[in-house]
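Spelled out from the first residue to the last, the chains are:
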Amino acid sequence: MALKTRFTQAFGLDHPVALAPMAGAAGGALAAAVARAGGLGLLGGGYGDADWTFAEWDRAGDAPIGVGFITWKLTPAVLEAALMRGPRAVMLSFGDPAPFAPAIHAAAVPLVCQCQTLDHARAALDVGARVLVAQGAEAGGHGGARGTLTLVPEIADLLAARSPQTLLLAAGGIADGRGLAAALMLGADGALIGTRFWAAAEALVPEGFHGAAVAAGGDATVRGRTPDAARLLDWPEPFTIRTLRSGFTDRWSDDTGALRANAAARAAWAQAQAQGDAANGTPVAGESIGLIHDILPAAALLHRISSEAEQRLRCSP
Ligand SMILES: Cc1cc2nc3c(=O)[nH]c(=O)nc-3n(C[C@H](O)[C@H](O)[C@H](O)COP(=O)(O)O)c2cc1C
């Protein structure tokens with residue numbers, strides 16, 4: 001018996017799981033692996049770098065993938081080029097989706113909006129999103145302050161009252177069958193998973209970062225602004241980024257202004273990121289690293305998560 005939900009039915013999937021469109025990490029190979037294994041594979045279009053995004057899209061071959069972008073950096077031209085490729089879905093996170101929603105609807109592509117607050121969820125409904133992702137603060141990468149355990153059912157209640165046909169995915173801290181089963185029990189139609197797939201064989205992640213994540217427990221992450229200062233990125237409020245804690249975050253998290261002014265420290269960070277040096281860099285991962293003990297192909301992970309969830313749900317009283 002497979003786990004069937006409104007999400008699997010609407011998107012023709014075998015598993016109620018979407019790959020988070022992780023900037024830099026969710027390239028074509030990972031998105032294609034998830035899509036071919038029966039999940040929704042979303043390419044990490046991130047900051048809207050067209051060269052990277054479309055080269056990785058080509059690597060996905062004929063797999064039916066979608067794409068996600070960081071809304072406050074997206075341009076109409078990159079969105080238009082993405083829509084020309086007939087994506088399975090477009091996911092927008094972190095910013096106002098209103099300027100982009102009409103083009104996505106005109107292309108008849110499902111719009112997925114990631115939300116960190118109830119106001120974000122209302123704004124996503126206002127622009128006609130097909131799927132909302134309720135993202136809790138346990139998540140790896142950028143996000144807000146609310147926990148998954150309360151945000152998901154609160155948004156589920158909002159949808160039930162205002163737009164019952166809109167689908168809901170839970171995100172933040174889901175890495176195994178227990179998490180997926182819990183998400184479904186909280187009223188979600190599935191889960192959007194980042195960190196667990198970041199630790200997949202196909203992810204574009206340096207070996208050193210994978211090694212550090214497998215060794216780390218869930219206490220070893222920190223949410224802040226250090227990597228954004230190191231990249232001179234001006235992320236809008238209220239978003240901060242969760243990464244592994246490191247010598248770099250210890251040194252600069254309370255002094256991001258000085259980091260922005262220190263070109264040598266920023267260059268050393270960039271080198272550590274490129275080389276997979278977790279002590280001097282900031283691997284982007286969430287609290288679920290404490291549940292991750294192996295690096296496996298994405299298809300094996302997807303099957304394991306889904307069958308564990310199904311078993312848990314079948315055994316629950
Ligand atoms: C390495 C990494 C990069 C991420 N980059 C993005 C991104 O570019 N756009 C986005 O919408 N979300 C991004 N996220 C957040 C995910 O969309 C998702 O909310 C999160 O991974 C879910 O929580 P989890 O990491 O506990 O599974 C990123 C997450 C990770 C771990």
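Residues numbered from 1 in each chain as written. Predicted model: local features only at pLDDT ≥ 70, side-chain atom pairs only at ≥ 80, totals over all residues. Heavy atoms only, no water.

Each helix and strand counted, the protein chain has 15 helices and 11 strands in total. Taken over the C-alpha trace, the protein chain has a radius of gyration of 18 Å; the compact-globule value for 317 residues is 20 Å, and the two agree within 12%. The dimensions of the protein chain, computed from C-alpha atoms along their principal axes, are 50 × 45 × 40 Å. Expressed as a percentage of the 317 residues in the protein chain, the buried residues total 55%. For the protein chain, restricting intrachain contacts to residue pairs at least 6 apart in sequence, the fraction spanning at least 24 positions comes to 61%. Once the 24 positive and 29 negative side-chain charges of the protein chain are each reduced to a mean point, those two points are 3 Å apart. (Helix = DSSP H or I, 4+ residues; strand = E, 2+ residues; numbered from the N terminus. Rg over C-alpha atoms; globule rule 2.2 N^0.38 Å. Buried < 20%, exposed > 50% of the residue type's maximum accessible area, 1.4 Å probe, protein only. Contact = heavy atoms within 4.5 Å. Lys, Arg positive; Asp, Glu negative; His and termini not counted. Charge placed at Lys NZ, Arg CZ, Asp CG, Glu CD.)

The next subject is the pairing of strand β4 (residues 90-93). Where burial is concerned, the two faces of β4 agree: the one with Val90 and Leu92 and the one with Met91 and Ser93 are both buried. Across 4 bridges, the pairing between strand β3 (residues 66-70) and β4 is parallel. Within the sheet, the bridge partner assigned to Ile70 lies in β4 and is Ser93. For the handedness criterion, the β-α-β arrangement of β3, helix α4 (residues 76-84) and β4 is classed as right-handed. By the bridge criterion, 4 bridges tie β4 to strand β5 (residues 111-115) in an arrangement that is parallel. (Pairing = 2+ DSSP bridges. Right-handed = clockwise from strand over helix to strand, strands pointing away.)

When cut into domains, the protein chain gives domain 1 (6-203 + 289-315) and domain 2 (218-282). For domain 1 and domain 2, the distance between their C-alpha centres works out to 25 Å. Contacts between the two partners involve 17 residues from domain 1, matched on the other side by 15 residues from domain 2. It is Trp72, His142 and Ile289 that lose the most area in domain 1 upon contact with domain 2, and together they represent 41% of the buried surface on that side. For the pair domain 1 and domain 2, the interface holds 0 salt bridges. At the junction of domain 1 with domain 2, the criterion picks out 9 residue pairs in polar contact (both at pLDDT 80 or more). Broken down by element, the side of domain 1 that touches domain 2 gets its largest block of residues, 3 residues, from strand β7 (residues 141-143). Each residue belonging to the side of domain 1 that touches domain 2 can be placed in one class, and the counts come to 7 nonpolar, 9 polar and 1 charged. (Domains from an automatic or database assignment. Buried area = accessible area lost by both parts, 1.4 Å probe. Salt bridge = Lys/Arg side-chain N within 4 Å of Asp/Glu carboxyl O. Polar contact = N/O pair within 3.5 Å; in protein donor to acceptor, adjacent residues only side chain to side chain. Nonpolar A, V, L, I, M, F, W, Y, C, P; charged D, E, K, R; others polar.)

Tallying each qualifying case throughout the model produces 0 disulfides. Of all cysteine sulfurs, the one in Cys115 lies closest to Cys113, which takes part in no disulfide; the gap is 6.0 Å. Residue Cys113 is classed as buried on the basis of its relative accessible area of 3%. (Disulfide = S-S within 2.5 Å.)

Between helix α8 (residues 177-185) and helix α15 (residues 298-315), the shortest axis-to-axis distance is 7 Å and the interhelical angle comes to 60°. Accordingly, the angle class assigned to the pair α8 and α15 is oblique. Seen from above, α8 lies across α15 with right-handed handedness. Taking contact as the criterion, the partners of Gly177, Arg178, Leu180, Ala181, Leu184 and Met185 in α8 are, on α15, Ile305, Ser306, Glu308, Ala309, Arg312 and Leu313. Partitioned by chemical class, the residues of the contact of α8 with α15 number 7 nonpolar, 2 polar and 3 charged. (Axes fitted to C-alpha atoms, helices over the stretch in contact; angles between N-to-C directions. Parallel < 35°, antiparallel > 145°, perpendicular 65-115°, else oblique. Left-handed = near helix turned anticlockwise from the far one by under 90°.)

Turning next to the packing of helix α3 (residues 50-59) against α4. Where α3 contacts α4, the two axes come as close as 11 Å, and the packing angle between them is 10°. The orientation of α3 relative to α4 falls into the category roughly parallel. Residues Ala50, Phe54 and Trp57 of α3 form the contact with α4, whose own contacting residues are Val78, Ala81 and Ala82. When its residues are assigned to classes, the contact of α3 with α4 shows 6 nonpolar, no polar and no charged.

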